[in-house]
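Notes for the structure review
Chain residues, written in single-letter form:
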Amino acid sequence: MKTETRTVPVASPVSFTDRSSADKRGELYKLTRRQLLTRGLVLGSGLVVGSSFIAADNAAWAMEVKALAPQTMATLVQMARDIYPHDNFGDALYANAVKGHDATAADDAEFLSMIEGGAKQLDAIAVENGNSSYVGTGWEADRVAILKTIESEPFFQTIRGGLVVGLYNQPEVWNLLGYEGSSYEKGGYLARGFDDINWL
Amino acid sequence: MTAPYEHNDDSVVVIIGTGAGGGTLANELAQKGISVVALEAGGRHLPPDYINDEWASFGQLAWTDMRTTSGSWRVAKDFANLPAWIVKAVGGSTTHWAGASLRIQDHEFRALTEYGSVEGASLMDWPITLKDLEPYYEKAESKMGVTRTNGIPGLPGNNNFKVMKAGADKLGYKNCHTGRMAINSQPRDGRTSCQQLGFCFQGCKMGAKWSTAYTEIPKGEETGNLEVRENAHVLKIEHDDSGKISGVLYADKDGNQHLQKCRVACVAGNSIESPRLLLNSASTMFPDGLANSSGQVGKNYMRHMTGSVYASFEKPVNMYRGTTMAGIITDESKHDTSRGFVGGYEMETLSIGVPFMAAFLNPGAWGREFSAAMDSYENMAGMWLVGEDMPQESNAISLSDEKDQFGLPAANVHFDDHPNDVAMRNHAYQQGMAVYDAVGATQTHPTPPYPSTHNLGTNRMSANAADGVVNGFGQSHDISNLFVSDGSQFTTGAAENPTLTIVTLAIRQADYIAEQMNADAI
Ligand SMILES: Cc1cc2nc3c(=O)[nH]c(=O)nc-3n(C[C@H](O)[C@H](O)[C@H](O)COP(=O)(O)OP(=O)(O)OC[C@H]3O[C@@H](n4cnc5c(N)ncnc54)[C@H](O)[C@@H]3O)c2cc1C
Ligand code: SF4
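Residues numbered from 1 in each chain as written. Chains lettered and ligands numbered in written order. Predicted model: local features only at pLDDT ≥ 70, side-chain atom pairs only at ≥ 80, totals over all residues. Heavy atoms only, no water.

**Some words on the confidence of the model for chain B**
- Confidence along chain B averages 97 in pLDDT terms, with 100% of residues attaining 70 or more.
- Predicted complex, confidence summary: ipTM 0.92, pTM 0.94. (pLDDT = per-residue confidence, 0-100.)

**Some points on the sheet that holds strand β15 (residues 409-414) of chain B**
All names here are of chain B.
- With mixed pairing, the three strands of this open sheet are ordered in space as β3-β15-β14. The sheet terminates laterally at β3 (67-70) and β14 (396-403), the two strands that pair on one side only. With strand direction ignored, the average angle separating the axes of adjacent strands in the sheet is 35°.
- As defined by bridge partners, β3 adjoins β15 across four bridges and the pair is classed as parallel. Each bridged residue has a counterpart across the sheet, and for S70 the counterpart in β15 is H414.
- Against the sheet, helix α8 (residues 270-280) touches β3, β14 and β15, its axis set at about 70° to β14. (Pairing = 2+ DSSP bridges. Helix = DSSP H or I, 4+ residues; strand = E, 2+ residues; numbered from the N terminus. Axes fitted to C-alpha atoms, helices over the stretch in contact; angles between N-to-C directions. Contact = heavy atoms within 4.5 Å.)

**Side note on unusual backbone geometry**
Residue and element names in this part refer to chain B.
- Of note, the amide linkage connecting A3 to P4 takes the cis form, showing an omega dihedral of -5°.
- Topologically, P4 is positioned in the segment before β1 (13-16).
- For H304, which is not a glycine, the phi torsion comes out positive at approximately 65°.
- With respect to the element layout, H304 can be found in the loop between α8 and β10 (305-312).
- Given a relative accessible area of 1%, H304 falls into the buried group.
- With phi around 55°, D520 is a residue other than glycine that occupies positive phi space.
- For D520, the location among the structural elements is in the segment after α12 (499-518).
- Owing to a relative accessible area of 63%, D520 belongs among the exposed residues under this scheme. (Buried < 20%, exposed > 50% of the residue type's maximum accessible area, 1.4 Å probe, protein only.)

**What to know about the site of ligand 1**
Residues and elements named next belong to chain B.
- Taken together, 40 residues lie around ligand 1, and G21, E40, S93, N270 and T499 are the ones closest in.
- T499 has a polar side-chain atom sitting 2.8 Å from a nitrogen atom of ligand 1.
- Considering ligand 1 on its own, with 1,000 Å² of exposed area, one finds that the protein chains cover 98% of that surface.
- A breakdown of the residues in the shell around ligand 1 according to their chemical character gives 19 nonpolar, 17 polar and four charged. (Near = heavy atom within 4 Å. Polar contact = N/O pair within 3.5 Å; in protein donor to acceptor, adjacent residues only side chain to side chain. Areas by Shrake-Rupley, 256 points an atom, 1.4 Å probe, with all protein chains shown as cover. Nonpolar A, V, L, I, M, F, W, Y, C, P; charged D, E, K, R; others polar.)

**Points about the nonpolar core**
- A:M79, A:Y168, B:F313 and B:Y436 are the most contacted members of the largest nonpolar core, which totals 132 residues.
- With seven residues, the single largest contributor to this core is helix α3 (residues 70-83) of chain A.
- If sequence neighbours within four positions are ignored, B:F313 has contacts with A:W199, B:V163, B:N379, B:A381, B:Y436, B:V439, B:G440, B:A441 and B:T442.
- The next biggest cluster of nonpolar side chains, apart from the first, holds 52 residues, and it includes B:W126, B:I128, B:Y136 and B:F286. (Core = buried A, V, L, I, M, F, W, Y, C linked by side-chain atoms within 4.5 Å.)

**A short note on the environment of B:I352**
Residues and elements named next belong to chain B.
- In this structure, I352 sits in the loop between β12 (345-349) and α9 (354-360).
- The exposure class of I352 is buried, given its relative accessible area of 3%.
- Apart from residues no more than four positions distant in its own chain, I352 is found in contact with E54, F201, Y310, M319, M357, F360, Y377 and Y450.

Now the structure itself:
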């Protein structure tokens, strides 16, 4: 597996990061449910935040964070879902799509403070609106309203731009959306339904 | 002399770029016994290397050197450093291309005469006619194995085509079929037939689609008269005291610079790099750049009026299965001003995978509307709209303040739509959506133009030396041993996808260069 980061030139500050570069930043892993409950705190969103990790509250996956606060990573995961909401995608796919920001933040102090600052700003607006935090804001529409207020800022554009490839370039996402991907090794679609439409 | 050639061999023809124009010209000249050195900035990738994965393939093949943008086109905002989608590899953009191969129509060669003068547009008639090109179109179609010519059957229709065809029939369109495609519908010319992989834009792993990378170039090399140097990035074209081209300076893959002497130089780097190279080659004798006495180098940049319509249905389409562009409606390609614009457009099936759909469906958009469209991916059909855009002098390639990896000024691409382009796009969106609505679309998505795939016109042909850069054979009006051999020669864009015409012009130019060399005129 190649490990270099490839960036595609697009309007700054948005940059695409491909799947292979996301892979090197550690796979999501599993904790036992017991480990989880002794080590972490359940957030309103169904995410558990521990001292240096976040996890799903059913222990389906967990992610170690190196630079970002676990609470910040939880905010990013929720934000990712709010930006591109697919109700049949598990949180793991969103977590996978944003985890690269932790590695970038580990090497780049300015980036780290932009992300931490952005997450804090989201929480501050949520509190003004009478909620406990961004993640603790119950309705998607209320969270989206918060995002709208910071839509043009580099923090939002970095997260959204990164998701275009980070989220949609995952083979599991292709499966869920009904895209079968690479076909050469299967002999193409000539004998696999290239003209099978039957409802016209 | 046979290949390889010495750097100081000044008897060779040097060709810069090995895409549709350069790759074809290289083979045609080599077949005539002329010694050719083709310099290609990219590496050599062949079907076994091609990757059935959109971003990975883009990383492998696309031109991602520094470029900048300006103007009111949306690409300048969404893809500021990616104005165009062009390949940097042996074979050029014929590795990515979809294969649609249409002749320019007779009246389109006389755009100014037929359309009349259009405010703000620098329309001209071509200095050549369809009649001049017909014999060469025939050669090109045979070389490329274009379906529905030379007795070659059309490709079978895939799901995406069937949706288009059903809609076209309901709307009363008369001309809808699986296209004229440079894709083998049956084995031909030592290449197999299409297996419906659905990754035509990523390089055809079957070799069923014509690309100079594995047709023209190896054929030329077999003659012993063609040397292709890959990873050879041309920096400057040099001339002697008499103002004739004397050699071409290039950097090899390690960055070492070499001067290849030559008798003739042909520029075929596609319509952004070709004018940039001429401008970057300015000298004391030619302070505005080579071949630029008219001031037209880099001007009149055209990219076709484009747009796409994707539509979602209640049931699966699976448009990505099979040929990317294998269906066309040609009814709107006529010139009929009752529609509110001059010129015409084609409607062609198009499919992109989930990764590219996310990037291109509505760049910058987010929220439920966008993700709902993505959720319907499996049930989507899609078409591309491609029509004649108006040449405008202010749409131009110029030298940017940004530098490339060699320290040379990068290309800036400036573009504003002409009101005629906007009127045509709106009509095309409306008709495209109507096609899908006629077969029960539940949502339609009028999708903005992608980074330019058809880049044209920046070294245009003209009868008169004051109006353009090259004559009807692609020869510089100013410097007789300098030629332009790619799509930048186009005087106007016409509605049709350009590559068949680029290949046709290259075959014709090869005859002319050989004649001129024989006559010692160059
Ligand atoms: C996704 C896609 C789909 C397309 N589908 C179609 C289609 O269906 N039908 C159609 O007609 N057209 C299609 N096209 C357009 C078609 O690919 C181009 O019109 C055609 O390839 C242009 O030919 P060209 O010779 O001008 O340039 P290219 O084929 O782009 O070749 C230019 C070459 O020059 C090289 N080069 C540039 N600068 C230098 C330098 N300084 N030194 C050395 N080498 C250099 C480049 O690396 C490149 O290899 C498509 C394009 C794309 C991207
Ligand atoms: S669909 Fe046909 S032409 Fe396209 S990549 Fe596959 S085999 Fe090649």
